[in-house]
Amino acid sequence: MDAGTQLARSHDICTKAALLLLKRLETANERYATRARQAAGISGDGQAAAPGGTPQAGGMGVGQAANGMAAAMGALGWYGYAVDAMQRSILFWDTLRQRGNNFIANAAQGLKPVLHFDYEIVADGRAFDRPVNYALLRIKPPEGVVVDDRQRPYIIIDPRAGHGPGIGGFKDDSQVGVALRAGHPVYFVVFFRDPEPGQTLQDVCHAERLFVQKVRALHPDSPKPALVGNCQGGWAAMMLAASGPDDTGPIVINGAPMSYWGGAWRQGEGDNPMRYAGGMLGGTWTASLLADLGNGKFDGAWLVQNFEELNPANSLWEKYYTVYDKVDTEPPRFLEFERWWGGFYLMNREEIEWITRNLFVGNKLWSGDIKQDGQRLDLRSIKTPIILFASLGDNITPPQQAFNWVVDVYGSTEEIKSRGQVIVGLLHESVGHLGIFVSGKVAKKEHAQIVSVLKTIESLPPGLYGMTIADRRDKDGKVTYEVEFQEHRLEDIAARLNRFQRVDEKPFEAVAMVSDFLQEGYNLFAQPWVQAMANDYTARRMRELHPLRVRNWAISDLNPWLWWLAPAAQAVKQNRQALPDDDVLRRAERNAAGMVGAALDYYRDTRGALTEAAFFTTYGSVYSRYLADGRNGAALHGEVPQDARTLPFVRDALNAIAEGGYVEALARVAALLRRQDQPMPLSRLELRHELATEYAEYLPRISLHEWRSIRGQQEIVAQYETERAIETLPQLLRDPADRKRFLDLVAKLMADERVRGLATSDAQVEMLGRIRHVLASEKLTKVKEAGRGPANTRGAGPRRRQAALKRA
């Protein structure tokens, strides 16, 4: 490439980044202006706003509102406010003192899980042949809750991202509580503060497989356990399922970053700043440096600090002002949450380097480049349904990071079907990252419905589905929820999620390249010196002096200057003189606090816009210079051909259209009769499960995954060769006994009142008539092919398709 072309490319990239920056700054300015008006109590038309944000009754203007406030600010008003403010200040600082005392006590005890429920340890990874600082807990059901050991057990895996475990069972209304109240045994994977010497992520994955096997041994009469992974626990659950696909049941991953380079949802907003962190820090070498300074251990407080910097308004101001504003009621909730947020755990250098190189920067989880016990992890080997739960309000794991891996791994809707996979997406409109795991409202609605879905989700036909939850109120006003599944094409979902067609992910390839270069430089020139200077004493002192720890222990009983705080707080509680919430000076105080929060939000938005522009200017130019020509600008995953018939999975299915037996015939008829124009309610899925149990004698005795694989292949046949699919049905039912068995099943289903009560379309009625006619009129023929097995087995055709799947 000549210098002129390089210069033109760089100029084009910088121009686009500058235009994007202007748009982001314009959005930040508009948002700040709106927030400032709201904080000042002024509506858009210049009128004074009531506490709820609406103009005052009677159209009172700003001047009149100011006069009313001045009239209320008499001597007694100021005195009452001064007393209330002073008392709230003392109680506020005493709350922080209690937080510091709790922090010290928890650290002295080695930090414990913040689970709301009692538990017992059933397996301790520290005693394994490959020891890890993980353990498997069995959650004890609270009083009044009955658990049936024959129901599907749940295994919940919490994230190890700086904090401790327990957030999935932090409240009664939580993932743990929902599953327990549904009668399921619940197990929880926890970890201790200090990693075992030499512990790696591969060791952790191996230990978690042993945990799953332990649960299966404890529940031999129940279905395979469901895995629930939160945030980074999500990709841990996926790795676990991929390494042992025959051990696990359905998988639920909540807010899990599976495709780390994804982001950018809404036009005009600086979304997902976390994804730029690796590039702006220069790659993975900073994590190695911090681990070396920690004498081989990485301090999780650095990860927590990254999370806090995402929202400085909340971290530095709003959560503290909320305690000050509601100091008579808020401290218990604040202290309970800070017990988890202020518990910082450690990782070995090998662990954090593996995470940063393979996931944060390398984004290799979906590509098959990751090995477990010498074998490549292929997410396509997972045989159980997967539910992906994400939120549009999540700025740590945006929907693209939760869903884009499906595009990278499977590439097409047809491949999902041919592999017999069921993937269900559930998208929340607004809840933040922590709300996915902590919010009681989310637990009562989304997680409760996920639990109900997991009972029957394995009977869904293969494909990609969107799950919706609709609120309904009965006559008594009680809220109930109705769940529906709507099938989508993978290609359509990918286009909707990624407004830039994932072109914005290409500079991250340059980040990975630069990161590898800098990592090698650090390993060669700096790491030996850092490791030689570090020791256990310096590592401990560095951890103790981390800013997030200092802010805890500095305001505690360890500080002799605060000897007076506890007695003063006790005296205030005995003589509390609180002002009412609608007091005019209290309202003015909240307005001023809102202005501070708005200013910090404006700083965050401006910082995010500048960071984004700097990232794309720098790494976009690097990608354009060193990588674009070599890869011809190709997408992360090969483009799907416009004619899906050329895909190998479609071609193999169509070539075997006349091969198979009773199983293929059942799957094909189910595909031909399926309605795709309407969503499928959960009640119909449950009815399908009920019918399958009742008419089990007519159904093949094969695994659910094998059935879904056959069903997916037959759906491809029914979609692309509908007429031939009908015409070749008699060839699948050559055996008279098979044909009679099939027609008997159809007759029984058509006579079943539950089936007759379902709404059917004219197209379905016509299709069923054609199927019955072609089977009734076709003369029975004998199998002439030498070497073919019995007609009611899967036959040579399915075996050939399975071989094709393995080759693919």
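Everything discussed here concerns the structure shown above.
The structure presented is a predicted model; accordingly, all values stated were derived computationally and were not measured.

Participant: Pulling in residues and values, what's your account of the overall build of the chain?
Facilitator: From N to C terminus, the chain includes 33 helices and 15 strands. Out of the 808 residues in the chain, the part that is buried amounts to 51%. Pairs at least 24 apart in sequence give 82% of the contacts found in the chain among residues at least 6 apart. For the chain, the accessible area works out to roughly 36800 Å², and carbon and sulfur atoms hold 56% of it.

Participant: Describe helix α26 (residues 682-694), and please don't skip the residues or the numbers.
Facilitator: With 13 residues, α26 should reach 18 Å at 1.5 Å per residue; the first-to-last C-alpha distance of 18 Å fits that figure. Restricting attention to buried positions, one finds in α26 the residues L682, L685, L687 and L691. Of the surrounding elements, those touching the buried residues of α26 are α16 (440-454), β14 (479-488), β15 (680-681) and α31 (753-756).

Participant: Account for the sheet that holds strand β2 (residues 134-139), naming residues and giving values.
Facilitator: Read from one edge of the open sheet, 11 strands run β1-β2-β4-β3-β5-β6-β11-β12-β13-β14-β15, paired in mixed fashion. Taken across any chain shown, the strands that pair with only one partner, and hence form the sheet edges, are β1 (119-124) and β15. Inspection of the sheet shows strand β5 (residues 226-230) paired to strand β6 (residues 251-254) by 4 bridges, in the parallel sense. Note on β6: the bridge partner recorded for L227 is I251.

Participant: Tell me what's going on with the pairing of β6, and back it up with residues and numbers.
Facilitator: Because side chains alternate across β6, one face comprises the buried residues I251 and I253, and the other comprises V252 and N254, equally buried. Handedness of the crossover joining β5 and β6 through helix α6 (residues 232-243): right-handed. Strand direction decides the pairing type here: β6 and strand β11 (residues 386-391), joined by 4 bridges, are parallel. Its bridge partner lying in β11, I253 is registered against L388.

Participant: An account of the packing of helix α10 (residues 312-325) against helix α22 (residues 584-626) is needed here, citing residue identities and associated values.
Facilitator: The interhelical angle for the contact between α10 and α22, taken along N-to-C directions, is 165°, at an axis separation of 8 Å. Considering the angle they form, α10 stands roughly antiparallel to α22. In this structure, the crossing between α10 and α22 has a hand that is left-handed. Across the interface between the two elements, P312, A313, W317, E318, Y321, Y324 and D325 from α10 touch R586, E589, R590, A593, V596, G597, L600, D601, Y603, R604 and R607 from α22. Grouping the amino acids of the contact of α10 with α22 by side-chain chemistry returns 9 nonpolar, 1 polar and 8 charged.

Participant: Got a sec to walk through the nonpolar core? Specific residues and values, please.
Facilitator: W235, M238, I251, M258, L379 and W405 are the most contacted members of the largest nonpolar core, which totals 77 residues. It is α6 that provides the largest number of residues to this core, a total of 8 residues. The residues contacting M238, other than those within four sequence positions of it, are I251, I253, M258, L379, I382, I386 and W405. Judged by nonpolar contacts, the second largest core, of 54 residues, contains F188, V190, A301 and M467.

Participant: Any details on the pairing of strand β13 (residues 463-473)? Residues and values, ideally.
Facilitator: Sheet topology places strand β12 (residues 422-428) next to β13; 4 bridges connect them, and they run parallel. Opposite V424, over in β13, you have Y465 as the bridge partner. Where β13 lies against β14, 10 bridges are found, and the strand directions are antiparallel. Within β14, the position partnered with G466 by the bridge is Q486. Between β13 and β14, which pair antiparallel one after the other, the connecting turn spans 5 residues, and G477 there sits at a positive phi close to 85°.

Participant: I'd like a description of the packing of aromatic side chains, backed by residues and values.
Facilitator: Going through the model one piece at a time under the given rule, you end up with 25 aromatic pairs. Between F92 and Y324, the ring centres sit 6.3 Å apart and the planes meet at 90°, which makes this aromatic pair edge-to-face. Of the two residues, F92 sits in helix α3 (residues 75-108) while Y324 sits in helix α10, which places them 232 residues apart along the sequence. Owing to a relative accessible area of 11%, F92 belongs among the buried residues under this scheme. According to the relative accessible area criterion, Y324 is buried, its value standing at 17%. Over the aromatic face of F192 sits the side chain of R126, whose NZ or CZ is 3.6 Å from the ring centroid. In this structure, R160 packs its charged tip against the face of F191, placed 5.9 Å from the ring centre.

Participant: Before we move on, can you summarise the environment of G594 with the specific residues and values?
Facilitator: Position of G594 relative to the elements: it lies in helix α22. Separated by 277 residues in sequence, G594 and W317 place their C-alpha atoms 9.8 Å apart. Setting aside its immediate chain neighbours within four residues, G594 contacts R35 and A39.

The rules we used
Residues numbered from 1 in each chain as written. Predicted model: local features only at pLDDT ≥ 70, side-chain atom pairs only at ≥ 80, totals over all residues. Heavy atoms only, no water. Helix = DSSP H or I, 4+ residues; strand = E, 2+ residues; numbered from the N terminus. Buried < 20%, exposed > 50% of the residue type's maximum accessible area, 1.4 Å probe, protein only. Contact = heavy atoms within 4.5 Å. Areas by Shrake-Rupley, 256 points an atom, 1.4 Å probe, with all protein chains shown as cover. Expected span 1.5 Å × (residues − 1). Pairing = 2+ DSSP bridges. Right-handed = clockwise from strand over helix to strand, strands pointing away. Axes fitted to C-alpha atoms, helices over the stretch in contact; angles between N-to-C directions. Parallel < 35°, antiparallel > 145°, perpendicular 65-115°, else oblique. Left-handed = near helix turned anticlockwise from the far one by under 90°. Nonpolar A, V, L, I, M, F, W, Y, C, P; charged D, E, K, R; others polar. Core = buried A, V, L, I, M, F, W, Y, C linked by side-chain atoms within 4.5 Å. Phe/Tyr/Trp six-rings, centres within 6.5 Å; stacked < 30°, edge-to-face > 60°. Lys NZ or Arg CZ within 6 Å of the ring centre and 35° of its normal.

Shape descriptors only; they carry no functional weight alone.
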